[in-house]
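# A structural walkthrough
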Amino acid sequence: MAGRVEGKVAFITGAARGQGRSHAVRLAQEGADVIAVDVCRPVSSSSAIPPATSDDLAETAGLVKDLGRRVVTAEVDVRDYAALKAAVDGGVEELGRLDVIVANAGVGNGGNTLDKTSEQDWQDMIDVNLSGVWKTVKAGVPHLLAGGRGGSIVLTSSVGGLKAYPHTGHYIAAKHGVVGLMRTFAVELGQHSIRVNSVHPTNVNTPMFMNEGTMKLFRPDLENPGPDDLAPVAQMMHVLPVGWVEPVDISNAVLFLASDEARYVTGLPVTVDAGSMLK
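Residues numbered from 1 in each chain as written. Predicted model: local features only at pLDDT ≥ 70, side-chain atom pairs only at ≥ 80, totals over all residues. Heavy atoms only, no water.

The name an unreviewed UniProt entry gives the chain is Putative short-chain type dehydrogenase/reductase, with Mycolicibacterium sediminis as the organism. In the Sequence similarities (unreviewed entry) part of its UniProt record, the chain is described as follows: "Belongs to the short-chain dehydrogenases/reductases (SDR) family." (UniProt positions renumbered as here; feature names shortened; annotations may be inferred.)

Here is the structure:
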């Protein structure tokens, strides 16, 4: 089925690379125009993951344009509500409407147990992965309401939003909080035919997972672990025989939730987890 979001406009955060870029491309493939934002600079001083860049965001824009769709970009920190609002307001002015919000931007930092997590790491995590999600939706909702056509909001959580893992407690807390945001927004906005759901990926083949810090966290027994060393340990998290999924696997869930195929789906935590929640 082609054109599953034909004529719609999607506002996507964290769009410069990884899942966010994949979401932008997948929605564009099915007919959506895109407002793509990303901070394009370091967010947490303790994160070992190289940040996305302006060139990354430009590449995402190019991929959307190559599909014949329109795109508006902005370098925005989701912690900055005024900047988010300006970005989405400007995007809607140029593209004419808003139908879909994908609050995808997130960070990973730390790796300590909760009792040893620094206050700065905690604050960065909560500010981006929880408050940033709330601010993203807050910035976009007025346009969904003004359109009078309903809409779809998809929040990126994690399997860590449904169960706990050690050494990532601040991340677990933030992603559990996203579920609370999702359910509350769903209750509050349902009367306007605005649907709100969350996606809960397991490990995804993006820079946030495929990096030196993650590999050492999974394989502390090795001095310089690589993907081949990571794979068998990561696979133990799953029922299906894989260590991670691809960004497009998450994007396909986002596309379904954004499309009219999911017109009566709201308040749902959707797992794309290779069976992780069964373990």
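More follows now that the structure is in view.
### Details of the overall build of the chain
Counting secondary structure elements, the chain contains eight helices and seven strands. Expected size for 279 residues packed as a compact globule is a radius of gyration near 19 Å; at 18 Å, the chain falls within 12% of this value. Considering only C-alpha atoms, the chain reaches an extent of 55 × 35 × 35 Å along its principal axes. Of all 279 residues assigned to the chain, the portion counted as buried reaches 52%. Nonlocal contacts in the chain, meaning residues at least 24 apart in sequence, comprise 73% of its contacts between residues at least 6 apart. For the chain, the exposed surface amounts to about 12,100 Å²; the carbon and sulfur share of it is 53%. Of the side chains in the chain, 24 bear a positive and 31 a negative charge, and the two mean positions are spaced by 6 Å. (Helix = DSSP H or I, 4+ residues; strand = E, 2+ residues; numbered from the N terminus. Rg over C-alpha atoms; globule rule 2.2 N^0.38 Å. Buried < 20%, exposed > 50% of the residue type's maximum accessible area, 1.4 Å probe, protein only. Contact = heavy atoms within 4.5 Å. Areas by Shrake-Rupley, 256 points an atom, 1.4 Å probe, with all protein chains shown as cover. Lys, Arg positive; Asp, Glu negative; His and termini not counted. Charge placed at Lys NZ, Arg CZ, Asp CG, Glu CD.)

### Topic: the packing of helix α3 (residues 81-95) against helix α4 (residues 119-147)
Viewed as axis vectors pointing N to C, α3 and α4 meet at an angle of 35°, and their least axial separation amounts to 9 Å. Along this stretch, α3 crosses α4, giving a crossing that reads as right-handed. Contacts between α3 and α4 involve Y81, L84, K85, V88, D89 and V92 from the first element and K135, T136, K138, A139, G140 and H143 from the second. A class-by-class count of the residues in the contact of α3 with α4 yields five nonpolar, three polar and four charged. (Axes fitted to C-alpha atoms, helices over the stretch in contact; angles between N-to-C directions. Left-handed = near helix turned anticlockwise from the far one by under 90°. Nonpolar A, V, L, I, M, F, W, Y, C, P; charged D, E, K, R; others polar.)

### Observations concerning the sheet that holds strand β2 (residues 33-38)
Whether parallel or antiparallel, the strands of a sheet pair through hydrogen bonds between backbone atoms. Spatially, β3-β2-β1-β4-β5-β6-β7 is the arrangement adopted by the seven strands of the open sheet, whose pairing is parallel. Both outer strands of the open sheet, β3 (71-75) and β7 (269-272), are each paired with one neighbouring strand and no more. Across the sheet, the mean angle separating the axes of adjacent strands is 15° when strand polarity is ignored. Note: strand β5 (residues 151-156) against strand β6 (residues 194-201), six bridges, orientation parallel. Bridging from a neighbouring strand, T156 pairs with V199 of β6. Running at roughly 160° to β2, α3 makes contact with β1 (9-13), β2 and β3 of the sheet. Its contacts with the sheet place helix α8 (residues 247-258) against β4 (100-103), β5, β6 and β7, and it is angled at close to 165° to β6. (Pairing = 2+ DSSP bridges.)

### Some points on the packing of aromatic side chains
Here the distance between the centres and the angle between the planes together describe a pair of aromatic rings. Counted by the stated rule, this structure contains two aromatic pairs. Judged by centre distance (5.8 Å) and plane angle (90°), the ring pair of F209 and F218 falls under edge-to-face. F209 sits in the buried class, given a relative accessible area of 9%. Note on F209 and W244: the rings are 6.0 Å apart at their centroids and 55° apart in plane angle, and the pair reads as tilted. Note that F209 is positioned in the loop between β6 and α6 (212-218) and W244 in the loop between α7 (227-235) and α8, a separation of 35 residues in sequence. In terms of burial, F209 and W244 fall into one category: buried. Across from the ring centre of Y81, 5.4 Å away, lies the NZ or CZ of K138, which sits over that ring. (Phe/Tyr/Trp six-rings, centres within 6.5 Å; stacked < 30°, edge-to-face > 60°. Lys NZ or Arg CZ within 6 Å of the ring centre and 35° of its normal.)

### Here's the deal with the environment of G148
For G148, the position within the fold is in the loop between α4 and β5. The sequence separation of G148 and S193 amounts to 45 residues, and the corresponding C-alpha distance is 8.7 Å.

### Let's talk about the nonpolar core
Membership of the largest hydrophobic core comes to 37 residues, with the highest contact counts inside it found for F11, I35, L98, I153, L155 and V196. Elements supplying a minimum of two residues to this core: β1, β2, α3, β4, α4, β5, α5 (169-189) and β6. What I35 contacts, discounting residues up to four positions off in sequence, is V9, A10, F11, I12, V72, A87, V88, G91, V92, L95 and L98. Listed in part, the 31 residues of the second largest apolar core include A61, V64, V204 and V270. (Core = buried A, V, L, I, M, F, W, Y, C linked by side-chain atoms within 4.5 Å.)

### What to know about the environment of M208
Among the structural elements, M208 can be located in the loop between β6 and α6. The class for M208 is partly exposed, based on a relative accessible area of 34%. Between the alpha carbons of M208 and N109 there is a distance of 9.7 Å; along the sequence they are 99 residues apart. If we skip the residues at most four places from it in the chain, M208 touches I49, G106, V107, G108 and T214.

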